[in-house]
Each structure stands twice: as C-alpha cells, then as structure tokens.
Amino acid sequence: MTDSENAPGTEDDIETADREVCWLGRGIGFAVVDVDDAELLQRWRSDPVAVHQIGYWPRALSALRERLERQRDDNERDDFLVLLPDGTPIGHIALFDQDLADGTAEISLLLDEGHRGGGHGPAALDALVDLAFGELPLHRLQAVTHTGNAPALAVLAGAGFVQEGVRRSACLHRGRRYDAAVLSLLRPEWEALARPRSWELRALSSEI
C-alpha cells in the first residue's frame, strides 16, 4: 500500500450500497463484518502476499465461520469491511484487544490485492483511528508487523504511528525468522494531526 490523495466521500454516496455503512472515511466506508462475509475474508486471507506480509495462516472456511460466530459476542473487538462508494468490499479492518480500562487496543488491516496502492489503506486506517479516539475512551493504539513489511510501515507512519520497538525473531515464515516492529499512536499525537477527522469530511465535501 502507498499513500495517495483521495477525494472525500460523502454519506449519501456510500449509503447507496446494499450494506449498512456505520462509519465514513476519505472515499471509503465501514460496514460491520457478518458471518456471511466468511468466504470473502477467506479469499483475502489466502492471498500469498497477505500470508507473507501480515502472517495470516489460511484456515478452513468452516473454521472461519465458527470464529466469526464467536466474535459476535466479543466486546473487545470490532471488525469492519472496507467499502468503496459503490458498495464494493475491498478489505477488512479491525480494532481488537480493546481494554477500555487501560485505554488500549490493537489494529489490523488487510486489503484486496487489486485495491492496494491506491490510497485506500491510508484512508481506512485514518478512519479507524478516528473511530477509536473519537468514539471510544482509548489512549493508545498499537500495530504490529514484521520489519520487512515496508508498505504497511509506510502507511502506519503516514497515519502518525511511531515505531517504539522491535520484537527480535518474533515470527516464523517460510523457514525464516523475522523481527516484528511494534508501532503506536497516542491520543495527544492524534489530536495534533493536521487533517480533517472522519466526521468533518461530509461537511467539507458539501462546501466543495
């Protein structure tokens, strides 16, 4: 994924889709993941690039369906499909391991192969960060990826995340050990970002 400029999307644009949109970003929207999305998620998770860069291990479709069923009652995570204005699903983004007492959570993002590098990753990440800090009493967001995942590291840095450490030899893939980079974004750092927040995009688009 590479950072690029997208025109702001509007709520009216995205609500024409079949899925109910619950959150908006720059040219994208979020819809809550349902069990019926298992096949779609399975296809994205089986992509060789995703397997290598993100470390997903493909599981049986039935196992993924069962996991989505269990996660319906998990109050410590929120999973969303990333949608284009025409309703096309292009990725999966999640806010998980939410600890509202300590104010911490972790994020993950996976985009469809055909929609990487077009600015959708940065847009989705900014939208999730705005949701986490704008609607939840969170203070720290964390992201973890292996140190060779240059596209993800670039997107995270563009969103304001700071690399705070490295877990040496923390993951195994294709017979090799990889270091894992630990990045974080704190609420004061988010507040200092000079960009419109997700809830301001509709107002901005109506002024253009």
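It should be noted that the structure appears before, not after, this text.
Thresholds applied
- Residues numbered from 1 in each chain as written.
- Predicted model: local features only at pLDDT ≥ 70, side-chain atom pairs only at ≥ 80, totals over all residues.
- Heavy atoms only, no water.
- Helix = DSSP H or I, 4+ residues; strand = E, 2+ residues; numbered from the N terminus.
- Buried < 20%, exposed > 50% of the residue type's maximum accessible area, 1.4 Å probe, protein only.
- Areas by Shrake-Rupley, 256 points an atom, 1.4 Å probe, with all protein chains shown as cover.
- Salt bridge = Lys/Arg side-chain N within 4 Å of Asp/Glu carboxyl O.
- Phe/Tyr/Trp six-rings, centres within 6.5 Å; stacked < 30°, edge-to-face > 60°.
- Lys NZ or Arg CZ within 6 Å of the ring centre and 35° of its normal.
- Pairing = 2+ DSSP bridges.
- Contact = heavy atoms within 4.5 Å.
- Axes fitted to C-alpha atoms, helices over the stretch in contact; angles between N-to-C directions.

**Student:** What's the story with the overall build of the chain in this structure? I'm lost.
**Tutor:** Along the backbone of the chain there are 8 helices and 8 strands. Looking at the chain as a whole, 48% of its 208 residues are labelled buried. Per element, the accessible surface of the chain, about 10,600 Å² overall, is 49% carbon and sulfur.

**Student:** Got a minute to help me understand the pattern of salt bridges in this structure?
**Tutor:** Applying the stated criterion to the full structure yields 6 salt bridges. The salt bridge partner of Asp 37 is Arg 19, with a shortest N-O separation of 2.8 Å. One end of the pair, Asp 37, is in the loop between strand 2 (29-32) and helix 2 (38-45); the other, Arg 19, is in the loop between helix 1 (11-14) and strand 1 (23-24), and 18 residues separate them in sequence. The class for Asp 37 is buried, based on a relative accessible area of 7%. Between Asp 130 and Arg 195 there is a salt bridge whose closest N-O contact spans 2.8 Å. Here Arg 195 lies in the loop between helix 7 (187-191) and helix 8 (201-207) and Asp 130 lies in helix 5 (residues 120-135), a separation of 65 residues in the sequence. The residues Asp 130 and Arg 195 share a single accessibility class, namely buried. Among the charged side chains, a network of salt bridges with common partners joins Arg 26, Asp 126, Asp 130 and Arg 195.

**Student:** Sorry, what's going on with the packing of aromatic side chains here?
**Tutor:** Two descriptors summarise a pair of aromatic rings, namely the distance from one centre to the other and the angle between the planes of the rings. As enumerated under the stated definition, the model contains 4 aromatic pairs in all. Relative to Phe 80, the ring of Phe 30 has its centre 5.3 Å away and its plane inclined at 20 degrees; by these criteria the two rings are stacked. Here Phe 30 is found in strand 2, whereas its partner Phe 80 is found in strand 3 (residues 78-83), with 50 residues between them in sequence. Phe 80 shares its class with Phe 30; the two are buried. Ring plane angle 65 degrees and centroid distance 6.3 Å describe the contact between Trp 190 and Trp 199, whose orientation is recorded as edge-to-face. Overall, Trp 199 belongs to the partly exposed group, its relative accessible area being 42%. By way of ring pairs, the aromatic residues Trp 23, Phe 133, Trp 190 and Trp 199 are connected into one cluster. Taking the ring centre of Trp 190 as reference, the NZ or CZ of Arg 197 above it sits at 4.8 Å.

**Student:** Help me understand the sheet that holds strand 1, please; the structure alone is not making it clear to me.
**Tutor:** Pairing between sheet strands relies on hydrogen bonds along the backbone, with the strands arranged either parallel or antiparallel. Pairing within the open sheet is mixed, and its 8 strands lie in the order 1-2-3-4-5-6-8-7. With one partner strand each, in any of the chains shown, strand 1 and strand 7 (162-173) form the two edges of the open sheet. Two strands pair when backbone bridges link them, and strand 2 and strand 3 are joined in this way by 4 bridges, in the antiparallel orientation. Residue pairing across strands places Ala 31 opposite Leu 81, the latter belonging to strand 3. With respect to the sheet, helix 5 is in contact with strand 1, strand 2, strand 3, strand 4 (89-99), strand 5 (104-111), strand 6 (140-146) and strand 8 (176-186), its orientation differing from that of strand 4 by roughly 30 degrees. Contacts from helix 6 (residues 150-158) reach strand 5, strand 6, strand 7 and strand 8 within the one sheet, and its direction differs from that of strand 6 by about 160 degrees.

Taken by themselves, the reported measurements are silent on function.
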